[in-house]
Each structure stands twice: as C-alpha cells, then as structure tokens.
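Listed below, chain by chain, are the residues.
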Amino acid sequence: MSELSVRHIYRWDLDKTYLRTDFDTLRDLIRTALQTPEEKVNVPGVVTLLKELTHQNDGSRALVTFISGSPSQMRPKLERKFELDGIRPDVFILKPTLQNILKGRFRAVRGQVGYKLDSLLKVREGGPAAPETLFGDDAEQDAFIYSLYADLAGGKVDRDGLFEILDRAGVYSTTRASILERYARMRIDGNVGRIFIHLDRHSAPGRFWVYGPRVVPITNYFQAALVLYADGSLKLEPVLRVAAGMMREHGYGVVELANSFQDLIRRRHLGAEALDRLSEDAPGCGVVGGLPPGFVERLLGRVRALAPRGGGGAGRTWEGPPDYVGVLEADRRLREKIEAEPGLFGRRQ
Amino acid sequence: MRSRESITIAVDAMGGDHAPAVVVAAVAEASLRGGVGQGVNFLLVGDEIAMTEALFELDHNSERIQLFHAPTVIGMGERAQVALEARADASIVQACALVQAGEADALVSAGHPGAAVLAATRHFGLVPGLGRAALASVYPTPRVRGEAEDPFSLILDVGASLRAKPDELLGFGLMGSAYARIVSRNERPRVALLSNSRESTMGTPEVVRAHELLSRHEAINFYGNIEGHEIPRGLADVVVCEGFVGDVAIKILEGVSEAAFDLARSAYHERVAWRMGLKLLSGGLQKIKQLTDFEAYGGAPLLGLEKVVILCHPRSGRRAVGNALRLAIKNVRAELPVAIAEALDTGTSQG
C-alpha cells in the first residue's frame, strides 16, 4: 500500500453498478460468463467518475474496493477488464460460488447479505480509517447491506439486533458467527457516508426511502457526481468530465443530463443552492473537452427554466435507523404474494 | 417515416378523471421504453408536488422525464373559454405554450376536451389551406386496411367544433386520407360522408354540397354517403362528418359495446346454459372487448394543426394514456402536420 495518507474509501459493487450485466435469466448468466473482457460494457460515466474520485492530489489518495457477487472463477476476465479501463482496485473480492455449491450451501449462492456484509467488515478490519462512500445497485440488496454496514460503523445497531437481522436474512450460522466476530472487533467511527444506488432496473426511488436520505438512488453517474460536488467531494471540472464522457460515449444530450439534475432537486438530494454554486464556479472552470459550447449555461438554463419548487417526495420526514427486520419481513411477504399468484392453470407449484 | 434525433412529448399531467396518478404512471412506464440515444423524452406539466409524489413511488427513467410546474387545472365542469381566459397558468395552457415555444414536439392531454381543443387551436396555427382542425377518432371494424392491416375506421370530426362548412368537410376528407396513408399505410383510403341516407341529394344542405365537393376531388377516393349503421361494418376507411354528429355517433358506438358486455354479464348470472355458452365464447368475447375498448387506441389526434396534438378520453386509464403517448410519438416521427400539409397541397393542385 502507498505511503500516502488515505483521504477517502470508495466501495463499489461490480455487476449493474460498474458493468452493465444481465443475470436475470439462465441465458443471461451464460452469456455474461462467456463474454470476453473486451465485450463487457461499462455503466455510462462510471470509469470517469472512479478515476476522478481516486485521482491523486494533495499528498493523499483514495482507495477503491470492489466486492462483487460474481463467481471467483471470473477473476482473470474481470481483472483484464479493469486493466483495459485503467482502473486499479485496491481490494477486489469475488464470491466463492463454486465452494458454496460443493459444500451444499445453496442459499449462499443467491443470497448476498451474509457474503457482502462479512466481506465489507473484513476489508474494513484491515484497512485505514477514512470516510467511506458506497456504490451499489437496485438488483439485489445493496441498499440494505450498505445501510446496515453504515449503521454498524456508526454504532446504531447492537449485537443482538445484528444477530436477529442475520437470522431473519437466512444467513448461514458459520457466516453469521464470522460477522458477529468481526463486529465485536469493529472500529465504530461513523465514517460511512453516502450510499449511491444505481437504478439499473429504474426502480421507484421511494423504494429506498426506508433507508433514509443517506441512500441516494441515482439513474446515472452524472447524478452521483453532482451530489458529490454538492458535498464538496468533487470539484466542478471532474463533474463536467463525467458529463462529457456520457455525451461522447453513450449518447447523452443536454436534455437527459438536465432532467437528471432536475430529478435530484425534486427529490431533495440537491438544494436549489447547488444551481447557484455551479453557476458561480462555472466561469473559473477550465475547458472540458467533449462538451458542446455553452454546455453549463444550457444545462443550468434548462434546469432553471423548468425547475421545480423542490417540495416533493423525498422531503417527507424520516426517522432512522431503518427497521431492518421489518424490511426483511416486508420483502418476504412480497415474495410470498408473488409466488402465490395463480398461474395459467391454477396456483404455482 | 423520417428519422428524428430526439422527441419530446408534453403531457398535461392534471387532465382527466384520474389525474395526475394515471397520467404520471403512463409517462413513467413509457420512460422505461428505449434507451438513451433513441430519444423520447416527456415533459410533464402540472402540480409539481403531486407529480413528484407520484413519480417517487413509480419505476421510471428520470433521464427521460422533465417536470414543469403549472399551479392550476381546468375542471371538467367549467366553461372552456371562460376558464382559459381566467387561468393562463393552467396545466393545459402551459403545456400548449411549451409546445409552441419548441420545448416539446407534441401535446397529449386527457383533460377537459373543450378546453384542450380551444387551447391547442389558439396556440398552434392551422396547416395552410385548412379552414378548421378536426378531432379524429377510430372505431374497430371487421375489415382490415392498408399495409398496417389496421382494423380501425377513422371518423372526423368527433367534436373539435359543432358545425362545419362544406369546404371544411372536404378538408376533413383530405386530412383523413393523409392520416390513413401515414398511420395505416393505406395508399387509397376510402372516404365516406356520414349522412341519413346513401342518396347524394339527401341530408342537410351542407352535406349535399360536401358530397359534391368530395366526389369531384381527384385526390380523394370517395365512396359516397354512408349511414350510421355502416360505420362499424367498416365500409369506409375514413368517415367525414361535422363535429356534433361525429361526437354523438362515436359515443353511441362506444355505448353499444359497453351495453353489449353489460348484457352478457347479466346473462352469465341468469341461466346455466347461457353461462356455459358464454364460457365457451369467452376467448372470442375477450378479443372483441379488447378491440372495442377505447383504452386500446388511447387517444384521438386533433388533425389540421401545425403541431401534433392527441386528446384522450377524460376517463382514460394508464393503458389509454400510454397508447396515446405511443400515437403521439408515431405521429411526430411521421411529421404528421408536414405530411398533411403536403397532402393538402397535392390535393388542392389536383382538385
């Protein structure tokens, strides 16, 4: 590890958060497994944002860790993909899927709570203390796991509470024991901040409100960049470079980016003051290649012209921490309801 | 069909009996179709808090949806003209203004029909050569037509205005022909004039004169007069009539379908034999219901304006509004106002 001090830690999921991956059907799974590193497609803006966040400056550095549910057999291909993108993860953990199958731990093949939480705590154990920002997606339980991790780091969930949550989540007893051991040694510093959830499935943002305003559902990484800019974690130029990359490589226009900006204001993840600050910073900002002339003015003009009053949904009151057991119960009831839906010839078997 | 880079549809979020919930839901669903670069965006116009609250609970692609706050709405019971004069900040007025300003390419509304027609005709110019815009509705028939194998007859006008002069009815015929050519890909649509008799000399003086004009016009494949009962038989591809008659006709046709299904429902509970018969027929009945359900075709285009305008039934549900959005996109992609202007131009030079 570098001698430089660590200013920030970014923890990233891989599938649907970094890579555009389909694994909803068996065919998708096979296709994903057979894809070459060159064929794998990134989520728009992710590489630029990651590079901007981990860019070395001020004698400090940011760490990036990847904890993915992809099977460990994918490691060579995924490492090659990182190499192609110019990304060097400090930690890269993949799921021991084959071992789970061989040991008959079939719940662990699909389940994420035990695996990801244990991995997060393990990485935290051996790592430096620094503010953390987490990135996941809406395909699995990232918002749940990351929020729980953040609340453990903040000392908001005790051992008994954690035990009950893990029990209800169906985590195998050995994994549960490992998590509880790590929890006992855990550094409680409240260092985990923003949790970004990439809405790969375009899920309703309200679905994540149960986790509170710390969780920011995002449709794209321009939105994440804007929130990080408002938080003071990014300057304007890197934000614009994310936008430029999305326009150049992924077909985004000013309209889509302005809509994304407006969406954050509507959901109150950004205040109207973010517009003013951006407007103030823009003249001093260097030229960013790939952006059309007058991009910032057009973007701001569009957001302002159609700007909402900012009184919408996310403004509702939230009393945390989340009721994790309640969330698991609600999920279970929903699954049972779906399974109980009658098929064409009666009830599903 | 010409290709366009990006399309924006302005949607009056507050219009309709179930607004804004169903309108926002339809837009949310439509935003999930197609990726970035395939370019269809939606501009929802209405109460920002209500729209935001609705979107918060819905799966949607926020990259494709923009909100514009309009604080008031014109209610169903209001007099259109008076309400429009009094409230320039109403959602339908603001939506029209945004289309007029070039912020959007088309308008979709399920709001007060009179107010929507009036606002649209005030904001958008008429296609050159036309005296009046017409609201076109479709009705399912057993016949299919054109390359698109479209089972629908087009009826216009169904209520954009009450009366029409003979030359305006001729304009409806030309517009309807152009629309059928573009949407149904029906090269020579059969145009008929709705009357109380097949005889060319029967009907109001306007209808008699319109018959003369339509039959003489070379650009129109004129079938002649048809009577009301011939609409559902699909004898004509385009049915021309004045708004008052068209509005009454389309509502009767919709009512007959609904009444038939109400009768079937009653019969189902009355006798075991009828129930068994209906059970056996249920597949076919379901198909008929799908065809005759107004939600299946969603919206009616207001033809003759320089912008695409689709009006939905005020009691439209999510499916109907969703289909209206599809129709708006299709009409914008086909550059319908330009195509109608070209058709009228050709028609005028031939006529």
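Residues numbered from 1 in each chain as written. Chains lettered and ligands numbered in written order. Predicted model: local features only at pLDDT ≥ 70, side-chain atom pairs only at ≥ 80, totals over all residues. Heavy atoms only, no water.

By the naming in an unreviewed UniProt entry, chain A goes by Phosphatidate phosphatase APP1 catalytic domain-containing protein and is assigned to Lujinxingia vulgaris.

1. Comments concerning the overall build of chain A
The helix and strand tally for chain A stands at 15 helices and 8 strands. In summary, chain A has a C-alpha radius of gyration of 21 Å against a globular reference of 20 Å for 349 residues, a match within 12%. Summarising its shape, the C-alpha atoms of chain A cover approximately 60 × 55 × 45 Å along the three principal directions. For chain A, buried positions account for 52% of its 349 residues. (Helix = DSSP H or I, 4+ residues; strand = E, 2+ residues; numbered from the N terminus. Rg over C-alpha atoms; globule rule 2.2 N^0.38 Å. Buried < 20%, exposed > 50% of the residue type's maximum accessible area, 1.4 Å probe, protein only.)

2. Some remarks on empty space enclosed by the protein
Residue and element names in this part refer to chain B. A complete count under the given rule lists 3 cavities of 30 Å³ or more for this structure. Here the largest cavity defines a volume of roughly 70 Å³. What lines the largest cavity is a set of 14 residues, and nearest its centre among them are Leu 302, Leu 303, Lys 307, Val 308 and Leu 336. Mapped onto the lining of the largest cavity, the elements with two or more residues apiece are β10 (299–303), β11 (308–312) and α12 (336–350). Tallied by class, the residues present in the lining of the largest cavity amount to 11 nonpolar, 2 polar and 1 charged. (1 Å grid on protein atoms, 1.4 Å probe; cavity = no way out; pocket = protein on both sides within 12 Å on 5 of 7 lines; lining within 4 Å. Points joined across faces, edges and corners; volume = space filled by probe spheres on them. Nonpolar A, V, L, I, M, F, W, Y, C, P; charged D, E, K, R; others polar.)

3. With respect to the interface of chain A and chain B
Across the contact, 31 residues belong to chain A and 27 residues belong to chain B. Taken over both partners, the interface formed by chain A and chain B buries close to 2500 Å², and the fraction arising from carbon and sulfur atoms is 50%. Scanning the region where chain A abuts chain B turns up 2 salt bridges. A salt bridge links Glu256(A) to Arg64(B), with the shortest nitrogen-to-oxygen separation between them at 3.9 Å. (Contact = heavy atoms within 4.5 Å. Buried area = accessible area lost by both parts, 1.4 Å probe. Salt bridge = Lys/Arg side-chain N within 4 Å of Asp/Glu carboxyl O.)

4. A few points about the packing of helix α6 (residues 113–126) of chain A against helix α7 (residues 142–153) of chain A
Residue and element names in this part refer to chain A. It is at 10 Å that the axes of α6 and α7 come closest, and there the two elements cross at 40 degrees. Once α6 is placed against α7, the crossing between them reads as right-handed. Of the residues in α7, those in contact with Val 113, Lys 116, Leu 117, Leu 120, Leu 121 and Arg 124 of α6 are Asp 142, Phe 144, Ile 145, Tyr 146, Leu 148, Tyr 149, Leu 152 and Ala 153. Each residue belonging to the contact of α6 with α7 can be placed in one class, and the counts come to 11 nonpolar, no polar and 3 charged. (Axes fitted to C-alpha atoms, helices over the stretch in contact; angles between N-to-C directions. Left-handed = near helix turned anticlockwise from the far one by under 90°.)

5. Things to note about the confidence of the model for chain A
The predicted structure's coordinates, where accompanied by low pLDDT, should not be read in detail. For chain A, the mean per-residue pLDDT works out to 87, and 93% of the residues sit at or above 70. Strand β6 (residues 215–218) of chain A holds the highest mean pLDDT among the elements of chain A, 97, whereas strand β8 (residues 346–347) of chain A holds the lowest, 43. (pLDDT = per-residue confidence, 0-100.)

6. Some thoughts on the sheet that holds strand β4 (residues 132–137) of chain A
Remark on secondary structure: sheet strands pair via backbone hydrogen bonds, oriented parallel or antiparallel. All names here are of chain A. The strand order across the open sheet formed by 6 strands is β3-β2-β1-β4-β5-β6, and the pairing between neighbours is parallel. Pairing within the sheet leaves two strands with one partner each, and these edge strands are β3 (91–95) and β6. Averaged over all adjacent pairs, the angle separating strand axes in this sheet is 20 degrees, with direction ignored. In this sheet, β4 lies alongside strand β1 (residues 5–12) in parallel orientation, the contact comprising 4 bridges. Bridge pairing links Trp 12 to Phe 135 in β4. Its contacts with the sheet place α6 against β1, β2 (60–71), β3, β4 and β5 (192–198), and it is angled at close to 155 degrees to β2. (Pairing = 2+ DSSP bridges.)

7. Let's talk about the layout of surface pockets
Residues and elements named next belong to chain B. The space that makes up the second largest pocket amounts to roughly 720 Å³. Lining the second largest pocket are 32 residues, with Pro 113, Leu 135, Val 158, Gly 159 and Ala 160 positioned closest to its centre. Those elements that place two or more of their residues in the lining of the second largest pocket are α5 (113–123), β5 (134–145), α8 (243–270), α10 (294–297), β10 and β11. Grouping the amino acids of the lining of the second largest pocket by side-chain chemistry returns 18 nonpolar, 10 polar and 4 charged.

8. A look at helix α4 (residues 91–100) of chain B
Think of an α-helix as turning once every 3.6 residues; residues three or four places apart then point the same way. Residues and elements named next belong to chain B. Among the 10 residues that make up α4, 8 are buried, leaving the element largely enclosed by the rest of the structure. Restricting attention to buried positions, one finds in α4 the residues Ser 91, Ile 92, Val 93, Gln 94, Ala 95, Cys 96, Leu 98 and Val 99. Among the structural elements, β1 (7–12), β2 (40–46), β3 (65–69), α3 (80–86), β4 (106–109) and α5 are those in contact with the buried residues of α4. Immediately beyond the C-terminal end of α4, within one or two residues, lies Gly 102, with a positive phi of roughly 85 degrees.

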